[in-house]
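So you can see what is in the structure, the chains are spelled out below.
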Amino acid sequence: MSTYAKRRLEREFLELVKGPPPGIFGALRDNNLMIWDVIICGPDGTPWQGGTFQLSLEFSEDYPHAPPIAKFHSTMYHPNVFEDGTVCLDILVDNWKPVWSSPFLLIAIQSILDDPCVHSAANFEAARLFDTDRRAYNKRVFQIVELSWKSENLPFN
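Residues numbered from 1 in each chain as written. Predicted model: local features only at pLDDT ≥ 70, side-chain atom pairs only at ≥ 80, totals over all residues. Heavy atoms only, no water.

Residue-level account of the overall build of the protein chain, with values.
A tally of regular secondary structure across the protein chain gives five helices and four strands. Counting helices and strands in the order they occur from the N terminus, the protein chain gives α-β-β-β-β-α-α-α-α. Relative to the globule expectation of 15 Å for 157 residues, the C-alpha radius of gyration of the protein chain, 15 Å, shows essentially globular dimensions. The dimensions of the protein chain, computed from C-alpha atoms along their principal axes, are 50 × 35 × 25 Å. Taken over 157 residues, the protein chain has a buried fraction of 47%. If you take every contact in the protein chain between residues at least 6 apart in sequence, the share linking residues at least 24 apart comes to 55%. Carbon and sulfur atoms form 53% of the exposed surface of the protein chain, whose accessible area is close to 8500 Å². In the protein chain, 14 side chains carry a positive charge and 20 a negative one; their mean positions are 2 Å apart. (Helix = DSSP H or I, 4+ residues; strand = E, 2+ residues; numbered from the N terminus. Rg over C-alpha atoms; globule rule 2.2 N^0.38 Å. Buried < 20%, exposed > 50% of the residue type's maximum accessible area, 1.4 Å probe, protein only. Contact = heavy atoms within 4.5 Å. Areas by Shrake-Rupley, 256 points an atom, 1.4 Å probe, with all protein chains shown as cover. Lys, Arg positive; Asp, Glu negative; His and termini not counted. Charge placed at Lys NZ, Arg CZ, Asp CG, Glu CD.)

Lay out unusual backbone geometry in plain terms, naming residues and giving numbers.
For the peptide bond that leads from Y63 to P64, omega is 10°, which places it in the cis range. Along the chain, the position of P64 falls in the loop between β3 (52–58) and β4 (69–72). At D30, a position not held by glycine, the phi torsion is positive, near 50°. Look at D30 and you get exposed, because its relative accessible area is 73%. In this model, N31 sits at a positive phi of 60°, which is unusual for a non-glycine residue. Tracing the chain through its elements places N31 in the loop between β1 (24–29) and β2 (32–41).

Got a sec to walk through the UniProt feature "active site" (unreviewed entry) in the protein chain? Specific residues and values, please.
In the numbering used here, UniProt assigns the feature "active site" (unreviewed entry) to C88. You can see C88 is positioned in the loop between β4 and α2 (90–93). Here C88 is in contact with N80, F82, S120 and A122, once residues within four sequence places are set aside. (UniProt positions renumbered as here; feature names shortened; annotations may be inferred.)

Give me helix α5 (residues 134–147): which residues, what numbers.
Three- or four-residue spacings in an α-helix give side chains the same orientation, since the helix completes a turn every 3.6 residues. Under the 1.5 Å per step criterion, the end-to-end length of α5 is 20 Å for 14 residues, consistent within 8% with the ideal 20 Å. Along α5, the positions that sit buried rather than exposed are Y137, V141, I144 and V145. Within α5, the buried residues cover an arc of 100° as seen down the axis, which keeps them to one side. Exposed residues lying more than 90 degrees from the buried face of α5 are R135 and K139. The elements touched by buried residues of α5 are β3, α3 (102–114) and α4 (124–132). (Expected span 1.5 Å × (residues − 1). Arc of directions from axis to C-beta.)

Could you give an account of α3, naming the residues involved and the relevant values?
By the burial criterion, the buried members of α3 are S102, P103, L105, L106, A108, I109, Q110, I112 and L113. Where α3 begins, the capping side chain belongs to S101, and its oxygen is found 3.2 Å from the backbone nitrogen of F104. (Polar contact = N/O pair within 3.5 Å; in protein donor to acceptor, adjacent residues only side chain to side chain.)

Describe the side chain of N123, with residues and values.
Of note, N123 is situated in the loop between α3 and α4. Here N123 falls in the buried class, since its relative accessible area comes to 19%. At a separation of 3.2 Å, a polar atom in the side chain of N123 contacts the main-chain amide nitrogen of E125. What N123 contacts, discounting residues up to four positions off in sequence, is Y77, H78, P79 and V81.

In structure tokens, the structure reads:
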């Protein structure tokens, strides 16, 4: 890893730990600066409220010129999350810019929980339900939120 990339990751991680965005918490996995374990809390006033969702960010040697891989390890039902938990977000696929920081990315991921991009869906069933039957979609989301409370799904287990 280049010195620039290492310094930047150190700075961004320090920013996340010392002044985390509301409802976002992080730690290094096994003291490895290249893999972050993150907890994203469901935003207040949304069907996701009260949920705690585990996510990892994995950085490549090319960071910040290449985006990290963002992957939920909690069970998710969301239009922009693949079955394996990988987040599908335009800024992670086609529109990444090196000026964006990891905390910025985490805020974007938290914000799409309640405002998904259904036109670039990873989970077509969730996107269809979000578009056609919001009440049924919210019921599924609440089940996911409840599941996030179970002991085997608690943060960093």
